[in-house]
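A closer look at the structure
Now for the letters of each chain:
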Amino acid sequence: MSVVPASVKPKPAVAALDVPRGRSRWWDREAPLAYLFMVPGALLLILFMAYPFGLGIYLSLTDKMVGFADFDFIGLENYQYLLRDRVFHQTVVNTFVYGFVTVPFKLVLGLGLALVLNQRFRLSSAIRAGLLLPWIVPTAISSLAWLMLFDPVLSPISWVLREWGLITQNVNFLGDRVNAMASLCLANVWRGIPFFAISILAGLQAVPQELHEAAALDGASSWQRFRSVTLPTIRTIVVIATLFSIIWTFADFQLIYVLTKGGPANGTHVFGTYAYQTMGYSALGQAASVALSMFPFLAIFAALLLRQLRSED
Amino acid sequence: MVGENTLSNRMLKLWVPLALYAAFLLFPFAWMLIVSLKPDELLLDTRLNPFAIVNPTLANYRRLIFESPFPRWILNTLVVTLGATVISLACSILIGYALGRFRFRGGNTIGVLIFLLYLVPPTLLFIPLSQIVSNFGLYNQYAALILTYPTFLIPFASWLLMGYFRTISRELEDAALVDGATRIQAMWRVVLPLALPGVLSAAIFCFTLGWNEFLYALVFMGSGEMKTVPVGVVSDFIRADVHFWGLLMAAGIAGSVPVAIAYAFLVDNYVSGLTAGATKG
């Protein structure tokens, strides 16, 4: 804001009324000022977003290794390798499982929670805040709690099941691929429910109460009222929350990094963790190609989300 | 509709489901708390009821504060998060103001672009960004995160503030302009004070998003003393197969309390911020 000279003296008020001041000086006109306001943010975003995006594409076309200055342009070789790489195939499958299988659970359970919370009751705001914790607490930290809940020896879940006589041996939550994927999905659903709940709750407040009452007077059951009054009102917000959730889950890192690091035997990788692991082997170009492979999918979800938001206008 | 508000109906529709949800959603935190209060030697005895706290102790918290690098991680996280929040807010107020109140060519396109940038996840960019960070000589420096966190904070905060600025009446601003104020003065003295609640919630969201960030912190500032809380806890309290569970859980509780308190009050605004574009003011 130092661009504007501080010494500009206001003209006499009479003059100000005669001439609309918006026309007189360039910094009082909307357009130049608007572009000026974009500059600081744009600089940061170009330097640390647009530039790395371009650099990432370039790196993914090279055989750059960490710590070596020399590297060659190798075209699409990194991507061709990924097409043959079984771990990468598994990664793609896992990411879709992880991104899509969890969504219906988060949606239904989140909707349920929203409907429960939408009632009037004592301490409602404190209870609401408490139930949001899974979504608020740093994921790396809450994942540590899950890491212990899934521990092969110390898991209290196994202990309870053993006490109830349902199992004789501890559950090996993270020990094989299928169990580990299921465990990751469980932790993901747990973290995602509050987001769906709070988004849908915001939508529920917009449900026209008169319509509800009118329908009730006409003898509509609560299910009928839910289907024909509530659901249409919250449809958009449900779609938006779902797309957000898919994008975030697709690009997740922390939860998987803390719980399995992509193991056992590379069986639970998603794009983020596999790229991180590849980077750990110093293969920077290859790692960049793994991370960028997620881009087309993200672009599709983003386009859908944008269309949804715009159709609202 | 007799009976709609009877006690049993209320139990069935409200308290029972609420209790079930609470049990599921809060169980991991309760577990963290239990483990953090247990003495180490009882923790590993699998014959004991794992939920019983026999000799509760604060030893883990004492170790965390006096004998571990945890306080240093807190300091690191504070420096990084506050720095990134200030930078992001300054940039976002300007962007949000311009997008929310000025009519100019390309305004809508820029708004859409900002929204799309918000969707770009750190996992997409961390590899080339690590090169840039080390080329600039920023590796393991506070600046590495202070300058990169705004990439996800600015889009979010601009989007939120844009919606907020739109809700403030134009007439007040116009009145100030007629009275001889420049646009900057009108913005600074008239609109911004009215937008203070929005700015405050943007600040708190930036703070919590920064506090929770993991990947950039792990890759750009993940060694030695410079770790942030989430990275430090995950990488220093878990060594190969040795898990310092008591310490881990104590750190988990201590590391989430500040952000939980801040967020709890503002979460409704967060959602309305997300959907600000959907319900134009």
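About the cut-offs
Residues numbered from 1 in each chain as written. Chains lettered and ligands numbered in written order. Predicted model: local features only at pLDDT ≥ 70, side-chain atom pairs only at ≥ 80, totals over all residues. Heavy atoms only, no water. Helix = DSSP H or I, 4+ residues; strand = E, 2+ residues; numbered from the N terminus. Rg over C-alpha atoms; globule rule 2.2 N^0.38 Å. Contact = heavy atoms within 4.5 Å. Areas by Shrake-Rupley, 256 points an atom, 1.4 Å probe, with all protein chains shown as cover. Buried < 20%, exposed > 50% of the residue type's maximum accessible area, 1.4 Å probe, protein only. Polar contact = N/O pair within 3.5 Å; in protein donor to acceptor, adjacent residues only side chain to side chain. Expected span 1.5 Å × (residues − 1). Domains from an automatic or database assignment. Buried area = accessible area lost by both parts, 1.4 Å probe. Salt bridge = Lys/Arg side-chain N within 4 Å of Asp/Glu carboxyl O. Nonpolar A, V, L, I, M, F, W, Y, C, P; charged D, E, K, R; others polar.

**A few points about the overall build of chain B**
- When helices and strands are tallied, chain B shows 15 helices and two strands.
- The C-alpha radius of gyration of chain B comes to 24 Å, more than 25% above the 19 Å expected for a compact globule of 281 residues.
- With the principal axes as the frame, chain B shows a C-alpha extent of 75 × 70 × 30 Å.
- Contacts spanning at least 24 positions in sequence make up 74% of the contacts within chain B whose residues lie at least 6 apart.
- Carbon and sulfur atoms make up 66% of the accessible area of chain B, which totals about 11900 Å².

**So, the environment of Asn266(A)**
Residues and elements named next belong to chain A.
- By the secondary structure assignment, asparagine 266 is in the loop between α13 (254-259) and α14 (271-280).
- You can call asparagine 266 partly exposed: its relative accessible area is 27%.
- A sequence separation of 180 residues divides asparagine 266 from arginine 86, and the C-alpha atoms of the two residues are 9.8 Å apart.
- If sequence neighbours within four positions are ignored, asparagine 266 has contacts with Val87, Gln90 and Gln277.
- A polar side-chain atom of asparagine 266 sits 3.1 Å from a polar atom in the side chain of glutamine 277.

**As for helix α16 (residues 295-311) of chain A**
- The terminal C-alpha atoms of α16(A), which comprises 17 residues, lie 24 Å apart, in line with the 24 Å expected from a rise of 1.5 Å per residue.
- Considering only its buried residues, α16(A) is in contact with α5 (86-117) and α12 (222-250) of chain A together with α5 (107-118) of chain B.

**Some points on the domain arrangement of chain A**
All names here are of chain A.
- What the domain assignment reports for chain A is domain 1 (13-60) and domain 2 (86-311).
- Here domain 1 and domain 2 have C-alpha centroids that lie 38 Å from each other.
- Counting residues at the interface gives five residues for domain 1, matched by five residues for domain 2.
- When the buried surface of domain 1 facing domain 2 is broken down by residue, Phe53, Leu59 and Ser60 rank first, second and third, together holding 84% of it.
- Taken together, the connections running from domain 1 to domain 2 amount to zero salt bridges.
- Applying the counting criterion to the domain 1 and domain 2 interface returns zero residue pairs in polar contact (both at pLDDT 80 or more).

**Examining the interface of chain B and chain A**
- Tallying the contact residues gives 103 residues for chain B and 105 residues for chain A.
- The closest approach of N and O atoms between Arg183(B) and Glu30(A), which form a salt bridge, is 3.4 Å.
- For the pair chain B and chain A, the number of links is 13 residue pairs in polar contact (both at pLDDT 80 or more).
- A per-element tally of the side of chain B that touches chain A places helix α1 (residues 7-36) of chain B first, with 17 residues.
- Looking at the side of chain B that touches chain A residue by residue, the class counts come to 78 nonpolar, 16 polar and nine charged.

**Things to note about the pattern of salt bridges**
- Evaluation of the coordinates by the stated rule reveals seven salt bridges over all chains.
- Among the ionic pairs, Asp252(A) bridges to Arg191(A), the shortest N-O distance being 3.2 Å. One end of the pair, Asp252(A), is in the loop between α12 and α13; the other, Arg191(A), is in helix α10 (residues 177-204), with 61 residues separating them in the sequence.
- Its relative accessible area of 13% is what places Arg191(A) among the buried residues.
- Taking the shortest distance from any N to any O, the salt bridge between Glu173(B) and Arg183(B) comes out at 3.8 Å. Of the two residues, Glu173(B) sits in helix α9 (residues 170-178) while Arg183(B) sits in helix α10 (residues 183-194), which places them ten residues apart along the sequence. Judged on exposure class, the residue Glu173(B) and its partner Arg183(B) are both buried.
- Each of Glu30(A), Arg101(B), Arg170(B), Glu173(B) and Arg183(B) takes part in one network of salt bridges that share partners.

**Comments concerning the environment of Asn60(B)**
Residue and element names in this part refer to chain B.
- Structurally, the position occupied by asparagine 60 is in helix α3 (residues 59-66).
- Owing to a relative accessible area of 2%, asparagine 60 belongs among the buried residues under this scheme.
- Separated by 44 residues in the primary sequence, asparagine 60 and valine 16 have C-alpha atoms spaced 35 Å apart.
- Among residues more than four places away in sequence, those in contact with asparagine 60 are Val35, Ser36, Lys38, Asp40, Gly246, Leu247 and Ala250.

**Description of the domain arrangement of chain B**
All names here are of chain B.
- If you check the domain split of chain B, you get domain 1 (7-57) and domain 2 (63-274).
- Facing the seven residues of domain 1 at the interface are seven residues of domain 2.
- Summing both partners gives a buried area of about 590 Å² for domain 1 against domain 2, and 79% of it is carried by carbon and sulfur.
- At the junction of domain 1 and domain 2, the tally comes to zero salt bridges.
- Across the contact surface, domain 1 and domain 2 share zero residue pairs in polar contact (both at pLDDT 80 or more).
- Put simply, the parts of the chain that give the side of domain 1 that touches domain 2 at least two residues each are α1 and α2 (40-43).
- Ranked by residues supplied to the side of domain 1 that touches domain 2, first place goes to α1 with five residues.

**Focus: the environment of Leu119(B)**
- For Leu119(B), the position within the fold is in the loop between α5 and α6 (122-135).
- Leu119(B) sits in the buried class, given a relative accessible area of 8%.
- Distance in space between the C-alpha atoms of Leu119(B) and Thr182(B) is 36 Å, their sequence separation being 63 residues.
- Leaving out residues up to four positions away in the same chain, Leu119(B) has contacts with Phe244(A), Ile247(A), Ala302(A) and Leu305(A).

**Overview of unusual backbone geometry**
Residues and elements named next belong to chain A.
- Cis geometry marks the peptide bond from glycine 263 to proline 264; its omega dihedral reads -5°.
- A positive phi angle is found at leucine 123, which is not glycine, with a value near 60°.
- Mapping leucine 123 onto the fold places it in the loop between α5 and α6 (124-131).
- The backbone of alanine 265 sits at a positive phi, close to 50°, despite the residue not being glycine.
- On the secondary structure map, alanine 265 appears in the loop between α13 and α14.

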